[in-house]
Amino acid sequence: MCTEKLLFSENIERLRRRDSTLAERILKVQVPEEYAVLRARTGDPVLKIKNKTIHSIYNPKEQAARFVDHHLKKEPLHDNSVTVVGFGFGYHVEELLRRNVRVRVIEPDEVAFRCALENRDLKKVIDACEIRIGSEFIYEKEQGAVVWYYMPEIDDTVKNSRSDSLYKKHSLPSIPISKSLKILVISPIYGGSLPISYYCDNALKRLGHQSSLWDASMFEKPFRMVLDLDIDHQNKKVLCDLFQHLISEMIVATCAERKPDMVFCLAQAPLSIHALERLREVGIINAFWFVEDFRFMRYWEMYAPAYDFYFTIQKGEFLKQLERVGARACAYLPVAADPDIHRPLVLTADERSRYGSDLSFLGAGYYNRQCMFKGLIDFDLKIWGTEWDRKSILWPHVQDKGRRISTEEAVKIFNASKININLHSSDHHDGVTPDGDFINPRTFEIASCAAFQLVDRRADLEYFFDIGREIVCFSSLEELREKAAYYLRHPDGRSAVASAGRKRILADHTYEHRMRDMCKIVLEQKPEMLSRKHSRSLAIQNIDDFCRKHPETRHLIEEVTTRGLCPDLDTIAATIRSRSKELEYPEAIFMIMKEYQKLVKEHLR
Amino acid sequence: MDKVLVVQMARLGDCIQTTPLLKKLKTLYPGCEVHLVTDKSLRDLVRGFPELDQHHSIDLQSVSEAMEGSDDLSQVFTVLHDQVKALRGEQFDAAYNLNYSFLSAAISEIPTARHVYGYRLSKDRNHLMRSPWFAFFNAMVRHIPLAPFNVADFFRNLASPHVDPDGKLSYRISKSALEKAGSLYKELSGLKKIVAVQLATRSCTRMWPVPRFSETVFRLLDSPDVGVVLTGVEQEEGLGREFEKYTEQWPAHKKNRICNLIGKTSIEVLAGLLSRCCILLTGDTGVMHLAAAVGTKIVALFFGPAIAGFTGPYGEGHVVIQATAPCSPCSQDHSSTCACNMSCRNHITPQLVVDVINHVLYKRPLTERDFKNVSILKSRLDKLGITYEPINNHKSDTASRFYRIMGSTLLQPSDAFSFEYCDFLYSNSLLTQIETLLYVFRKRPSDIFFYRHNDEYSLWHPWIDFYFLAKRYGMPNEHPTPNEAFIAGMSSIARSMKKHRVWKNTEPYHVH
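Residues numbered from 1 in each chain as written. Chains lettered and ligands numbered in written order. Predicted model: local features only at pLDDT ≥ 70, side-chain atom pairs only at ≥ 80, totals over all residues. Heavy atoms only, no water.

Colleague: So what exactly am I meant to see when it comes to the overall build of chain A here?
Modeller: Of the regular secondary structure elements, chain A holds 27 helices and 18 strands. Relative to its full complement of 605 residues, chain A shows a buried share of 55%. Here the analysis covers contacts within chain A between residues at least 6 apart in sequence; of these, 63% occur between residues at least 24 apart. Approximately 27,500 Å² of chain A is accessible, and the part contributed by carbon and sulfur atoms is 52%. (Helix = DSSP H or I, 4+ residues; strand = E, 2+ residues; numbered from the N terminus. Buried < 20%, exposed > 50% of the residue type's maximum accessible area, 1.4 Å probe, protein only. Contact = heavy atoms within 4.5 Å. Areas by Shrake-Rupley, 256 points an atom, 1.4 Å probe, with all protein chains shown as cover.)

This is how it looks when you write it as structure tokens:
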């Protein structure tokens, strides 16, 4: 114990000299039970998270040397520097330093890092490396830098990527209720970001936030009726504005009653600037996730300054432009996948023949796709989706006369196709957009299905996937044809890439990861959200403890928590009200509390 | 029945008004064990309930404190659980839940009870189901000026079958409390007539101004055998001091006959003190019910939202001075301020109050004069309980009488009660209205609803309200059913009127 304390204090002292905020943060970290330290045969300490050891329990140093050899062979370092994601107890980092490589360390798990500081002498590492702790840094890699991943806890657990239960194991730890936020997710009326709003809501709930969805898609029909009216364009615009105004007011009224901490809007959410101001007046933070290409959709210029937080899927130029138009706080937040929805499926023979083909593409018929796919018609090619040209030679390949494809069907198509082509859209290029700077949801969704894809090369794609191992890219029609032919001949290669892709999604690219990062960014700038106690209701802090003490409440509490809801008094009371049988004892107790709380509130009013 | 539970989570006044129900339960089921649940703050009060065998108190204040003090719901749960776990193990033959609230409905679900009367949570848990008698109670609360029954009788009659009432609240004063009370106002011991005066009221809309009280007391003390004690709790001491300011200039022989005991009595001693007084003058109902329970005569000042027929002192021989205004009674919504500047309370003058007190004390007749905007009501007992009748030249309210008769059909569906009030002037047009309503009801019951929108039938709205409340929220399997009750009420009125030969039609009236 003594050596442990000594090591930790020496390490933390050294860290404080380099990065005092990080040192303070690490000092506050509590180590939960699932983090244990073992001794390897060599006597070196090894971290164990849940059931997985992070380094070899025989000889971690030798294993580290092998890891470095393997990666150097595969990917020689240009300027003798590398970014390592995953630190563990740092044996591999020490090995790199020994070979005089400059190392930048990103460790997503602060608990693991604290354990490392407690158990290993890391003074040299701290002095020599730039260290970033926290998952938000995974996206902060330097342009063009070589990145190695050292995440054995994920590789080892993923033995069979076709198992649906897999996802559960990788679900991020639920945040404590004291840190949970009450969030209202606002969906658009329709469009590509509509399903993303569902994924976000689910992810927030799984993370332990009190999220609820304000589903504006229920207004799709009436809204389309307005759009379809046979009237002058100008008048239609007035009507559309009025319609949006009404929906905005409905959202504001909902907020006035539910008092969320934050309103999280997806692209094209029908919330007016006036409504945003009113929400801000009552202290509700609003954030917007612009999951669109800023070059095509220009409405951000007007709306971005109205939001407290503006999240984008593009970096660089867009962030600068946002700053120029006066956006308050902007951050890069790429899209992801929901592995519960986009998942590996076992298809029937019928489904395989209906949805399957050698090559397939699912998406709208943008100009560049229309051009490029003409060069693929000698393959067994199926095209799914809308807006394809009926006069084109591609039309015979377009399935079901170009109808709209539901998410469920899309998952089947991804699963059934040998190769899914993913070409990011463009209105003016003939094929691959040079330096395309965002990654579409489809990239993550196909990978999340453990399906194989050929995707056009994008600027930052290597930060998301290990290209060649987890995903395969093309830059031209020739390359696409060549790789398609190669992978059609090599089914093993396809499935290796596909399962590695799913592993990567589970490790880094689920909506839970994104929502966690989003909340982190918001809370860093608005820490007062957590201290605003009035907006949060009385909740059971330690569910296990409570259910152990009052076993008869277990059934009720589980009903609340399995729905992803927070076991607070309001939610429990609402659950009790929604049941219909004779009141049980614990229900009576909660009802008395809720009713008395109401009485007291009325009295105070 | 061997064991019954009464749930009464309301305040002091309602709690005392529950005693006739406790007494009735003891009469109906001799030897049965009577339990009562109240808020903990009433623990001292219920100790004086002679019919009570066991009291369960719930300390809601501590629940509130736990909620304030912690974000952890489990702690609050534990606080409440510890308080009700004893109640949980109990088994009752019947539970009587008297409060229209989900809170007390949930409390009444904690022990095991074979039957629940009064209010009970619906199966879908979003409504309160009610006994037919309480559906009538609710309908009458919507039309509060009609007030056909006193609240104590509403509670009391929840237990069936009917037993003739004795018209008394019950409270047992301990000897020590009585002695302590006596020692508090020794300086007044030589005086024969002690009048207690309660200055404060819980709601400011019912406060009679202190200068008016002082003027009243000044005039009362003209009689040499009268002494006055001021009653109230600690928080009301300020009012006592305000009162004393007015008395500073008074002659010593009057000043010496006033004893300010505000804040000096516990609830038990207050009861003892009140029992030694001849009269309590009050605008507040809490202390008023306590005084009525110990047998003190009341002169009550009713204005604002207060209606004598509903919350007037329970017992025979009490007097209520009821002020009326075009806008009275006030709505129960206390948040709204009075548009009339609370003018109704000024209709009650000190001289009038003195006259009424002297009438009660010395049986002096009330001098015939202009009782403008004021009714003097005196309580009397009939077979259904306590009712208030005017003793000045005001006429009794016909509609209220109607509803007393109609409501009574719920208590005893037969024709057992006879009413001497029925010789009131009923017009033929009223009878025609009843007949039409019954005709419509029997043909198409749902059409009754539309009569609510027709002014001509305004008198019958409450009975139709009752019908719909009972239909929608009536407890299943309770008798009479809404249909039976509706017809019985209507025809009992028709019968009474026929008996008194107001109705000229020779055809007998058939309901079935």
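Resuming the write-up.
Colleague: Which parts of the structure should I look at to understand the overall build of chain B?
Modeller: Secondary structure summary: chain B contains 20 helices and 14 strands in total. Considering chain B as a whole, with its 512 residues, one finds that 59% of them fall into the buried category. For chain B, the accessible surface area stands at approximately 21,700 Å², while carbon and sulfur atoms represent 50% of it.

Colleague: Explanation requested: helix H17 (residues 398-411) of chain B in the structure shown.
Modeller: Each turn of an α-helix holds 3.6 residues, which means side chains three or four residues apart point in the same direction. End to end, H17 of chain B covers 21 Å across 14 residues, agreeing with the expected 20 Å (1.5 Å per residue, within 8%). A large share of H17 of chain B lies buried, amounting to 13 of its 14 residues. (Expected span 1.5 Å × (residues − 1).)

Colleague: How do you make sense of the sheet that holds strand E10 (residues 262-266) of chain A when you look at a structure like this?
Modeller: Hydrogen bonds between backbone atoms are what pair the strands of a sheet, whose relative direction is either parallel or antiparallel. Residue and element names in this part refer to chain A. With parallel pairing, the six strands of this open sheet are ordered in space as E9-E8-E10-E11-E12-E13. Two strands close off the open sheet at either side, each with one partner strand: strand E9 (210-214) and strand E13 (330-332). Taken pair by pair, the neighbouring strands of this sheet meet at an average axis angle of 20°, ignoring direction. Bridge count for strand E11 (residues 285-290) against strand E12 (residues 309-312) is four bridges, and the pairing is parallel. Bridge pairing links Trp289 to Phe311 in E12. (Pairing = 2+ DSSP bridges. Axes fitted to C-alpha atoms, helices over the stretch in contact; angles between N-to-C directions.)

Colleague: What exactly am I supposed to notice about the environment of Glu51 of chain B here?
Modeller: Residues and elements named next belong to chain B. Looking at the secondary structure, you find Glu51 in the loop between helix H3 (43-46) and strand E3 (54-58). Residues Glu51 and Thr27, spaced 24 residues apart in sequence, show a C-alpha to C-alpha distance of 9.9 Å. With near-sequence residues (within four places) excluded, Glu51 lies in contact with Thr19, Leu22, Lys23, Lys26, Val34 and Ser170. Within the structure, Glu51 has its side chain in polar contact with the side chain of Ser170 (distance 3.0 Å). (Polar contact = N/O pair within 3.5 Å; in protein donor to acceptor, adjacent residues only side chain to side chain.)

Colleague: Whenever I open this one, the interface of chain B and chain A confuses me. Can you help?
Modeller: In many analyses, interface size is given as the accessible surface area lost on bringing the parts together. On the side of chain A, 34 residues touch chain B, which itself brings 31 residues to the contact. Buried area between chain B and chain A, summed over both chains or domains, comes out near 3,100 Å², and the portion from carbon and sulfur atoms is 68%. The three residues of chain B that bury the most area against chain A are Leu73, Phe77 and Arg125 of chain B, which together make up 28% of that side's buried surface. Counting the contacts that link chain B with chain A gives 11 residue pairs in polar contact (both at pLDDT 80 or more). (Buried area = accessible area lost by both parts, 1.4 Å probe.)

Colleague: Help me understand a nonpolar patch on the surface, please; the structure alone is not making it clear to me.
Modeller: Residues and elements named next belong to chain A. A cluster of nonpolar side chains, namely Leu229, Ile231, Val238, Leu239 and Leu242, defines an oily patch on the protein surface of about 400 Å² accessible area. Counting through the fold element by element, Leu239 comes out in helix H11 (residues 233-258). Judged by its relative accessible area of 35%, Leu239 falls in the partly exposed class. (Patch = residues over 30% accessible without salt bridge, like charges linked within 9 Å, V, L, I, M, F, W, Y side chains within 5 Å. Salt bridge = Lys/Arg side-chain N within 4 Å of Asp/Glu carboxyl O.)

Colleague: Which parts of the structure should I look at to understand the nonpolar core?
Modeller: Nonpolar side chains in soluble globular proteins tend to be buried together. One finds Tyr96 and Phe136 of chain B to be the most contacted residues of the largest nonpolar core, which totals 102 residues. In this structure, Val185, Ile251, Ala269 and Met518 of chain A belong to the second largest nonpolar core, which totals 81 residues. (Core = buried A, V, L, I, M, F, W, Y, C linked by side-chain atoms within 4.5 Å.)

Colleague: What exactly am I supposed to notice about the pattern of salt bridges here?
Modeller: Residues and elements named next belong to chain A. Considering all chains together, one arrives at 67 salt bridges over all chains under this definition. Two residues, Lys61 and Asp44, come together in a salt bridge whose shortest N-O distance is 3.4 Å. Here Lys61 is found in helix H3 (residues 60-74), whereas its partner Asp44 is found in the loop between strand E1 (35-39) and strand E2 (45-49), with 17 residues between them in sequence. One continuous salt-bridge network, built from bridges that share partners, spans Asp466, Arg469, Glu470, Arg504 and Asp508.

Colleague: Please explain the packing of helix H7 (residues 132-142) of chain B against helix H19 (residues 461-473) of chain B as it appears in this structure.
Modeller: Helix-helix packing is described using two parameters, namely the angle between the two axes and the distance between the axes. Residues and elements named next belong to chain B. Running from N to C, H7 and H19 point in directions that differ by 135°, and their axes come no closer than 8 Å. The angle between H7 and H19 falls in the class oblique. Handedness of the H7/H19 crossing: right-handed. Where H7 approaches H19, its residues Pro132, Ala135, Phe136, Asn138, Ala139, Met140 and Arg142 are matched on the opposing element by Pro462, Trp463, Asp465, Phe466, Leu469 and Ala470. In the contact of H7 with H19, the residues fall into 10 nonpolar, one polar and two charged. (Parallel < 35°, antiparallel > 145°, perpendicular 65-115°, else oblique. Left-handed = near helix turned anticlockwise from the far one by under 90°. Nonpolar A, V, L, I, M, F, W, Y, C, P; charged D, E, K, R; others polar.)

Colleague: Looking at this structure, I do not really get the packing of aromatic side chains. What am I missing?
Modeller: Aromatic ring pairs are described here by two measures, namely the spacing of the ring centres and the angle between the planes. Scanning all chains against the criterion turns up 56 aromatic pairs over all chains. Geometrically, the ring pair formed by Phe223 of chain A and Phe243 of chain A is tilted, given 5.3 Å between the ring centres and 55° between the ring planes. Pair noted here: Phe223 of chain A is in helix H10 (residues 220-228) and Phe243 of chain A is in helix H11, with a separation of 20 residues, a long-range link. Classification of Phe223 of chain A as buried rests on a relative accessible area of 13%. In this structure Phe243 of chain A comes out as buried when scored by relative accessible area, which is 16%. Ring centres of Phe136 of chain B and Trp463 of chain B lie 5.8 Å apart, and the angle between their planes is 75°; on these two criteria the pair is classed as edge-to-face. Of the two residues, Phe136 of chain B sits in helix H7 while Trp463 of chain B sits in helix H19, which places them 327 residues apart along the sequence. Trp463 of chain B gets classed as buried once you look at its relative accessible area, which sits at 0%. Taking NZ or CZ as reference, Arg577 of chain A lies 4.2 Å from the ring centre of Phe102 of chain B, over its face. (Phe/Tyr/Trp six-rings, centres within 6.5 Å; stacked < 30°, edge-to-face > 60°. Lys NZ or Arg CZ within 6 Å of the ring centre and 35° of its normal.)

Colleague: In this structure, what is going on with the environment of Ile144 of chain B? I would like to understand it.
Modeller: Residue and element names in this part refer to chain B. Relative to the helices and strands, Ile144 resides in the loop between H7 and helix H8 (151-156). Residue classification places Ile144 among the buried residues on the basis of a relative accessible area of 12%. In this structure the C-alpha to C-alpha distance between Ile144 and Phe310, which are 166 residues apart in sequence, comes to 7.7 Å.

Colleague: Looking at this model, I keep getting lost on the pairing of strand E2 (residues 33-39) of chain B. Mind explaining?
Modeller: The two faces of a sheet get side chains in turn, since along a regular strand they alternate between them. All names here are of chain B. Within E2, six of the seven residues are buried, which leaves the element mostly enclosed by the surrounding structure. In the sheet, E2 pairs with E3 via five bridges, with the strands oriented parallel. Pairing of Val37 across the sheet is with His56, part of E3.

Colleague: Explain the packing of helix H18 (residues 441-448) of chain A against helix H21 (residues 491-508) of chain A to me, please; I cannot follow it from the model alone.
Modeller: All names here are of chain A. Where H18 meets H21, the closest approach of the two axes is 7 Å, and the angle between their N-to-C directions is 115°. On the basis of the axis angle, H18 is roughly perpendicular to H21. When H18 is examined against H21, the residues Phe444, Ala447 and Ser448 are found in contact with a partner set consisting of Ala498, Gly501, Arg502 and Ile505. Classifying every residue of the contact of H18 with H21 gives four nonpolar, two polar and one charged.

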